Amino acid sequence: TIATALGVVRERQAGTMEQLAVMPFRPRDVFLGKIAPYLIIACADMVIVVVVGMLLFDVPFRGSVATFSLGALLFLFVTLGTGVLVSTVSQTQAQAMQLAVLTMVPQFLLSGLFFPLYSMPWSVRWIGYLLPLTWFIKVARGVMVRATPIDALWTPLLVLAVMAAVVFTASTLRFRRDLA
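What you see is a predicted model; the values in this text were computed from it and never measured.

Trainee: Explain the packing of helix 4 (residues 65-89) against helix 5 (residues 93-110) here, please?
Mentor: When two helices pack together, their arrangement is given by the angle between their axes and by how far apart the axes lie. Contact geometry for helix 4 and helix 5: axes closest at 8 Å, N-to-C directions at 145°. Along this stretch, helix 4 crosses helix 5, giving a crossing that reads as right-handed. Across from Phe 75, Thr 82, Val 86 and Val 89 in helix 4, the residues of helix 5 making contact are Gln 95, Ala 96, Leu 99, Ala 100, Thr 103 and Gln 107. Looking at the contact of helix 4 with helix 5 residue by residue, the class counts come to 6 nonpolar, 4 polar and no charged.

Trainee: Explanation requested: the side chain of Thr 79 in the structure shown.
Mentor: With respect to the helices and strands, the residue Thr 79 is situated in helix 4. Here Phe 75 takes part through its backbone oxygen, which lies 2.9 Å from a polar atom of the side chain of Thr 79.

Trainee: I would appreciate a short explanation of the nonpolar core in the present structure.
Mentor: Soluble globular proteins tend to bury their nonpolar side chains together. The biggest cluster of nonpolar side chains holds 33 residues, and the ones touching the most others in it are Met 46, Phe 68, Phe 136 and Phe 175. Elements with a minimum of two residues in this core: helix 3 (27-57), helix 4, helix 7 (132-144) and helix 8 (154-179). Once residues lying within four places of it in the same chain are set aside, the contact partners of Phe 136 are Met 46, Phe 68, Gly 71, Ala 72, Phe 75 and Leu 160. Of all hydrophobic cores here, the second largest spans 6 residues; its members include Leu 6, Val 86, Ala 96 and Ala 100.

Rules behind the numbers
Residues numbered from 1 in each chain as written. Predicted model: local features only at pLDDT ≥ 70, side-chain atom pairs only at ≥ 80, totals over all residues. Heavy atoms only, no water. Axes fitted to C-alpha atoms, helices over the stretch in contact; angles between N-to-C directions. Helix = DSSP H or I, 4+ residues; strand = E, 2+ residues; numbered from the N terminus. Left-handed = near helix turned anticlockwise from the far one by under 90°. Contact = heavy atoms within 4.5 Å. Nonpolar A, V, L, I, M, F, W, Y, C, P; charged D, E, K, R; others polar. Polar contact = N/O pair within 3.5 Å; in protein donor to acceptor, adjacent residues only side chain to side chain. Core = buried A, V, L, I, M, F, W, Y, C linked by side-chain atoms within 4.5 Å. Buried < 20%, exposed > 50% of the residue type's maximum accessible area, 1.4 Å probe, protein only.

As structure tokens, then:
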């Protein structure tokens, strides 16, 4: 999130966004071009983390690699897309970094990663259901620990897909405004 957020702001400050504005790119092309390299790197990182977890820490992987990959790809797209969205509303790199951290910290605390969602009061728990990490944790735990089939994970995968569509649409609209 931080890397993608800083990348676009840095380009705006350097003046390269004006160069994009005169090229025949649609806002969605700009968004996908900004996110693609980070998505490739994040996927490679995800593979490394899962393999190291399995080899060094005996983390089980009992389910489908394809189901896990779909969930991971959706999650990474939402997360990196959020970074691009943050960058479109930020004027400086410091502001982009603060907003990116502001989106990351609640994910760690309220997603069920460290503290179970059921142990949180409802007044806070509902925020967890708005975060992509909450839904990816359901997919990852389901696939890796319980070998849950994809048809039992349609809800978290669908929620991640909707979040991806929302982030893509919002970022594209912001880029359209910035490139106009």
